[in-house]
Amino acid sequence: MTERKGTAKLDFLRKIEQEIQEKWEKEKTFEQDAPATTEESTNENKYFVTFPYPYMNGRLHLGHTFSLSKCEFGVGYQSLKGKRCLFPFGLHCTGMPIKACADKLMREMELYGNPPQFPDEEEEEKEKTKTSDEIIIRDKAKGKKSKAVAKSGSSTFQWDIMRSLGLNDVEIAKFASAEHWLEYFPPLAVKDLKKMGVKVDWRRSFITTDVNPYYDSFVRWQFLTLKDRKKIKFGKRYTIYSPKDGQPCMDHDRQTGEGVGPQEYTLIKMKIVEPYTAKFKSKVFYSSGMKGKNIFLVAATLRPETMFGQTNCWVRPDMKYVAFETTNGDIFICTSRSARNMSFQGFTKENGVVPVVLEILGQDILGCALSAPLTSYKIIYALPMLTIKEDKGTGVVTSVPSDAPDDIAALRDIKKKEALREKYGIEDKMVLPFEPVPIIEIPGYGNLSAPLVCDELKIQSQNDKEKLAEAKEKVYLKGFYEGIMLVDGYKGQKVQDVKKPIQRLMVEKGEAMIYMEPEKQVMSRSADECVVALCDQWYLDYGDAEWKKQANEALKSLETFCDETRRNFEATLDWLQEHACSRTYGLGTRLPWDEQWLIESLSDSTIYMAFYTVAHLLQGGVLNGQGASPLGIKARQMTREVWDYIFFKTAPFPKTDIPREHLQRLRREFEYWYPVDVRVSGKDLVPNHLSYYLYNHVAMWPEDNGKWPKAARANGHLLLNSEKMSKSTGNFLTLSQAIDKFSADGMRLALADAGDTVEDANFVETMADAGILRLYTWVEWVKEMIANQNNLRTGPADTFNDRVFNSEMNAGILKTEQHYDRMMYKEALKSGFFEFQAAKDKYRELAIEGMHRDLVFQFIESQTLLLAPICPHLCEYTWSLLGKTSLMKASWPVAGPVDEILIRSSQYLMETAHDLRLRLKAYMVPPKNKKGDSKPPAKPSHCTIYVAKSYPPWQHSALSLLGKHYKSNNGVLPDNKVIASELGALPELKKYMKRVMPFVAMIKENLEKNGPRVLNLELEFDERAVLIENLVYLTNSLELEQIDILFASEADDKVKEDCCPGKPFCVFRSEPGVSVSLVNPQPCNGLFSTKVDIRQGDRRDCVIRRLAKVNRLIKDLSRVKLMRYEDPLLGPRRVPVLGQEEQGKLPISSKSVFNINLEEKKVTLADNGLTVDIGDTLVYLID
């Protein structure tokens, strides 16, 4: 971006913001309590909005701000609509990240001193390669930097990350204590948000974890209630697990792999049978742990139903495999990565320990004979495949060439390449006899789908990666959903129906096992590659059928604002099963019945919105709850029975020493504010937090659906200048930086303009800069109008442009209101600011007679109110300029009637003016001349505009036919072929057929844009009257002398053919004239002498207008006095006398008419029957 030349406008906005924020704080504008006399049921006029509390391991950034701005704009709007609004804001500290960062700093100080002296990059790389358990953070599946790495820039050490936040070494050392994070970042978040001007009731803010005794008590109550209601269970469950941390790794504890869950595979056991190959035999001979044991190659497959078609298995010759002993003494061969996963799933005697008996290369396994389940071949062989990846599955791959394009391509390769077989010691008997086995019939692809598709795509080898990807896409989905089994026992059944039964059959027979691994690589925040483990843990049973059913009920009544969000919710509720809610490491609240466990961060954050309703009365604005309670209630007094009384309206009054009136007040606050009217969040929280939010509300209030969430609005991620935000690239802004750079209102304007949907939004810095200019210009214009209000027009506001402007303002208010109601703030900004300002600019341009004072101030008021939710500081300032009290107590503007036809007639006027300018420009282009010496025509002085009352006959016939079809086909027109044949049959259209279909195409296009009115045979307004009422504007706009408006019926046939309703036809012409000098004898006024053409029939006012076009210093034409010399010959030669400028001159009256003689270049003036020669000079004076 280019550097700013100056910051005066930015400084002006910042100064206003600071003053307004001080005023709001002093007046406690956003502190809201439930009405003291309110009954439980009378809370219809409230608006309670929340945003997922941000995590306190750094400053808030623009991504946070974008999501929370939706809450902020909503509160601003609903407040104007007369609702009592509550926007509380908590700060999240639960979970691993803070503790992990603090521990990392502690380790860095232990290893490298304080302040640490880190090794250079080369040493560090060597250290990493030496230490096997130090895993480089890389998300192979994405091929990009992880979110955490991107956030921290290129820093490897936590100390460097802290330095990048602007902290010095002395300050950083304090962060080795997790408690310091809780004291440092939350107040900064509050400070930054206040600087933004958010309408938050800060008394209700808090931080989480057991540091806050009130919140800790609240979460413990929630979990005791859930356990009593059998929502929380204990047992072994597959979960993403960090061996390094020794606990489950939930979404918020991950550096990469958010949203990734366990993927289930069927582990196929392929027994290696004797005789062994020489290479393999030599390996086994030297390994005492393998002698006499059953040895299996194990392959992980997602398609157990295809095992009937196995012809071989694949291993990668250069890949390292391990042989390890399982619980029953069998030996499994697979990659060490998959063996690590299996060791946490009960495959080995000791959990998490892989008893490796042999390390072996793939090339040593090649050629081994195998006995595989289900296949029709008694023995199959291990063959080489060079494209097997190490990061998924076991490194051993089953081969089903009938249905897998990769397999048939690789099998064909090794069959036709003898050299390849020789290289890896593969005998012909291991390959050549094996042909694909038909096992599945797929419509359109037959019973050997993979060979067919590979032939169609001309796939030559296993290296044709792009074509193979295309082949798989074609075969796999269709095979799963439409495939029919051909094998005995399952013949005629659908593939999707037999998948599980076939898996179960193999598992029961001991031929396969269930194996899990993460869907994609997951890295914990402690830089550990996670596995899937069978863990003893407390979990929320989101898979419970009754609970799931109730969550779906809540979803039905939930407003999601867009279909995609609803579909995401539905998909999540469909697949969501158990969720581990406990872990042993990090910060948080202890499980009340089993205190070795902490409640994880996605589980203590599901109903805390209820805590907002009472937090201000319990902890009174002290974030950690360690201050004095406004009601004098201590955290230890908040027993389970007390919480029940506050939140469950059927609960009895508890046995407590808390005064009854205090508990009743707490209950009244909850009953008034609940439920949450809107929860705003990023779309990435739909599959976890927002779904858990629904589940937990229906669990806590199962019989009271009036407490269930009413709406959830999900938005996309925020791009910065069309690119992903990233510290490492420098494309990153914190909230504080954005305010310093663009002011709060400038930033808020750009955030509103960034986007509304679940697609990624885009914060554009140039837009924010332009916003500063727009806002500054707006305020300056308001000041100018207030200063010059006595010069504005008064009286009836009933001119054409007055009425249009009034209607456009009313339409803008209604349109903006609809957008705010739907939380579509980009659209609200467009209609309520950009288009609203454009309507004012148009009015100022068209109102030749001047703008009307009442309309101008009605506009200022309405504009201030429409923009107030987005830019409250500037609007509050503007409101004060109008002499009004606080904008925060104002009401949304009431829209008057909207005359749509009048607005469309004004639109017609603007389009006609634009079209006339284009035609004038074309008229001025010189005609093409082969010699190249063509001159442009003289600038026209006059124009005749022809308007048509009706369409030419051929267009009339075409429109009538289209209108008939439109009515009979429920608003749909038939294909052009049908229309063309019907129109061709009409005799009156025979000679116009070349023009008819282009006309039809134009009508169809306009029909999509403007609706069925384009099929009307006449316009809905008087076209000629609109043009006549704006004749002065059109004449001035085109810089012409005169425009005549005539009906097309008065013109020749060409005009009649080319002119139709709404599309006037114009003819420009130049009227001849005689040049006359106009002089101004008044001294020291900056006016000058000029030449003006006088044309036949001109009157005084016409000449003055022409003079004003040449001399821009003449602003007020009514002050111009036009005079002629008494002696036209000698008068111009006499020296004017100071103070006697009118001596020897006579005024020209408005009734006088100029006549010209072109041959003699002579001008005469006719007045009262007398004709006088004016010579070649006239005089003009300014009163």
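Residues numbered from 1 in each chain as written. Predicted model: local features only at pLDDT ≥ 70, side-chain atom pairs only at ≥ 80, totals over all residues. Heavy atoms only, no water.

Here's the deal with the overall build of the chain
Counting secondary structure elements, the chain contains 37 helices and 38 strands. The C-alpha radius of gyration of the chain comes to 41 Å, more than 25% above the 32 Å expected for a compact globule of 1183 residues. Here the chain holds 1183 residues, and the buried ones make up 52% of them. When contacts within the chain are restricted to residue pairs at least 6 apart in sequence, long-range pairs at least 24 apart make up 75% of them. Of the roughly 53,700 Å² of accessible surface on the chain, 50% is carried by carbon and sulfur atoms. Side chains of the chain carry 164 positive and 163 negative charges; the gap between the two charge centres is 2 Å. (Helix = DSSP H or I, 4+ residues; strand = E, 2+ residues; numbered from the N terminus. Rg over C-alpha atoms; globule rule 2.2 N^0.38 Å. Buried < 20%, exposed > 50% of the residue type's maximum accessible area, 1.4 Å probe, protein only. Contact = heavy atoms within 4.5 Å. Areas by Shrake-Rupley, 256 points an atom, 1.4 Å probe, with all protein chains shown as cover. Lys, Arg positive; Asp, Glu negative; His and termini not counted. Charge placed at Lys NZ, Arg CZ, Asp CG, Glu CD.)

What about the packing of helix α2 (residues 62–80) against helix α24 (residues 744–754)?
Contact geometry for α2 and α24: axes closest at 10 Å, N-to-C directions at 85°. As summarised for this structure, α2 and α24 are arranged roughly perpendicular, according to the angle between their axes. Contact residues: Leu62, Thr65, Phe66, Ser69, Lys70, Glu72 and Phe73 in α2; Met747, Arg748, Leu751, Ala752 and Ala754 in α24. (Axes fitted to C-alpha atoms, helices over the stretch in contact; angles between N-to-C directions. Parallel < 35°, antiparallel > 145°, perpendicular 65-115°, else oblique.)

Examining unusual backbone geometry
For the peptide bond that leads from Asn114 to Pro115, omega is -5°, which places it in the cis range. Examined against the element boundaries, Pro115 turns out to sit in the loop between α3 (97–112) and α4 (121–130). Residue Pro675 follows Tyr674 across a cis peptide bond; omega there is 10°. A positive phi angle, near 55°, is found at Lys458, a position not held by glycine. Tracing the backbone through its elements, the reader meets Lys458 in the loop between α14 (449–456) and α15 (465–482). You can call Lys458 exposed: its relative accessible area is 57%.

Topic: the pattern of salt bridges
Taken as a whole and judged by the stated rule, the model has 72 salt bridges. Across the pair Glu559 and Arg822 runs a salt bridge whose closest N-O atoms are separated by 3.5 Å. Of the two residues, Glu559 sits in the loop between α17 (545–556) and α18 (563–575) while Arg822 sits in the loop between α26 (800–821) and α27 (825–846), which places them 263 residues apart along the sequence. Between Arg1069 and Glu1071 there is a salt bridge, and its shortest N-O distance comes to 2.9 Å. Residue Arg1069 is classed as partly exposed on the basis of its relative accessible area of 28%. Classification of Glu1071 as partly exposed rests on a relative accessible area of 30%. Connected through salt bridges with shared partners, the residues Glu31, Asp33, Asp201, Arg203, Arg204 and Glu669 form a single ionic network. (Salt bridge = Lys/Arg side-chain N within 4 Å of Asp/Glu carboxyl O.)

Some points on the sheet that holds strand β27 (residues 761–763)
Spatial ordering of the open sheet is given by β26-β25-β27, a layout of three strands whose pairing is mixed. What marks the edges here is a single partner per strand, and that holds for β26 (723–724) and β27. Here strand β25 (residues 718–720) runs beside β26; their pairing, made up of two bridges, is antiparallel. The residue bridging Leu719 from the neighbouring strand is Lys724, located in β26. (Pairing = 2+ DSSP bridges.)

Thoughts on the nonpolar core
For soluble globular proteins, the rule of thumb is that nonpolar side chains tend to be buried together. By size, the foremost hydrophobic cluster in this structure holds 118 residues, and its most contacted members are Leu62, Trp181, Met747 and Phe763. Membership of the second largest hydrophobic core comes to 72 residues, among which are Cys581, Phe611, Tyr612 and Met700. (Core = buried A, V, L, I, M, F, W, Y, C linked by side-chain atoms within 4.5 Å.)

Comments concerning the side chain of Lys231
Structurally, Lys231 is set in the loop between α9 (213–228) and β3 (232–242). Although Lys231 lies buried, it forms no salt bridge, and the closest oppositely charged side chain, Asp544, sits 4.6 Å away as judged by the N-O distance. Discounting chain neighbours no more than four positions away, the residues touching Lys231 are Leu226, Tyr539, Leu540, Asp541, Trp547 and Ala699.

Here we look at the UniProt feature "domain: Leucine--tRNA ligase ubiquitin-like" (unreviewed entry) in the chain
Per the UniProt record, "domain: Leucine--tRNA ligase ubiquitin-like" (unreviewed entry) is found at residues 1070–1182. Taken as a whole, residues 1070–1182 contains 10% helix and 38% strand, while its terminal C-alpha atoms sit 30 Å from one another. (UniProt positions renumbered as here; feature names shortened; annotations may be inferred.)

Examining the confidence of the model for the chain
Confidence in the prediction of the chain, expressed as mean pLDDT, is 89, and 95% of residues score 70 or more. Note on residues 122–154: pLDDT is under 50 here. Beyond four places in sequence and across chains, it has 41 contacts. (pLDDT = per-residue confidence, 0-100.)

Overview of a nonpolar patch on the surface
Taken together, the side chains of Phe1088, Val1110 and Leu1113 make up a nonpolar region of the molecular surface, amounting to roughly 270 Å² of accessible area. Along the polypeptide, Val1110 turns up in helix α37 (residues 1100–1110). (Patch = residues over 30% accessible without salt bridge, like charges linked within 9 Å, V, L, I, M, F, W, Y side chains within 5 Å.)

Side note on the domain arrangement of the chain
How big an interface is tends to be stated in terms of accessible area lost as the parts join. Annotation of the chain at the domain level lists domain 1 (262–437 + 489–518), domain 2 (761–903), domain 3 (919–926 + 938–1069) and domain 4 (1073–1182). A straight line from the C-alpha centre of domain 3 to that of domain 4 covers 43 Å. Summing the contributions of domain 3 and of domain 4, the shared interface buries around 460 Å²; its carbon and sulfur component is 37%. The interface formed by domain 3 and domain 4 includes two salt bridges. (Domains from an automatic or database assignment. Buried area = accessible area lost by both parts, 1.4 Å probe.)

A short note on the environment of Asn114
Relative to the helices and strands, Asn114 is located in the loop between α3 and α4. As for Asn114 and Ile172, which are separated by 58 residues in sequence, their C-alpha atoms are 9.7 Å apart.

Regarding the side chain of Asp216
Turning to its location among the elements, Asp216 is positioned in helix α9. For Asp216, which is buried and forms no salt bridge, the nearest opposite charge comes from Arg220, at a distance of 4.5 Å. Separated by 2.8 Å, the side chains of Asp216 and Thr589 make a polar contact. When near neighbours in sequence (up to four residues on either side) are disregarded, Asp216 contacts Thr209, Asp210, Thr589 and Arg590. (Polar contact = N/O pair within 3.5 Å; in protein donor to acceptor, adjacent residues only side chain to side chain.)

Examining the sheet that holds strand β2 (residues 84–86)
In any sheet, the strands associate via hydrogen bonds between backbone groups, in a parallel or an antiparallel arrangement. Spatial ordering of the open sheet is given by β2-β1-β23-β24, a layout of four strands whose pairing is parallel. The sheet terminates laterally at β2 and β24 (712–715), the two strands that pair on one side only. Going from strand to strand, the sheet's axes swing by 20° on average, the running direction of each strand aside.

A few points about the packing of aromatic side chains
Aromatic rings considered in pairs are described by the distance between their centres and by the relative angle of their planes. Counted according to the given criterion, the structure contains 72 aromatic pairs. On the basis of an interplanar angle of 15° and a centroid distance of 4.9 Å, the ring pair of Tyr542 and Tyr692 is categorised as stacked. Of this pair, Tyr542 sits in the loop between β19 (531–541) and α17 while Tyr692 sits in helix α22 (residues 686–700), placing them 150 residues apart in sequence. For Tyr542, a relative accessible area of 0% puts it in the buried group. For the cation-ring pair, Lys269 lies above Phe296, with the distance from its terminal atom to the ring centre recorded as 4.9 Å. (Phe/Tyr/Trp six-rings, centres within 6.5 Å; stacked < 30°, edge-to-face > 60°. Lys NZ or Arg CZ within 6 Å of the ring centre and 35° of its normal.)

Quick look at the environment of Trp781
As for its placement among the helices and strands, Trp781 is situated in helix α25 (residues 765–787). For Trp781, a relative accessible area of 6% puts it in the buried group. Here the alpha-carbon distance between Trp781 and Ile860, two residues 79 residues apart in the chain, equals 9.7 Å.

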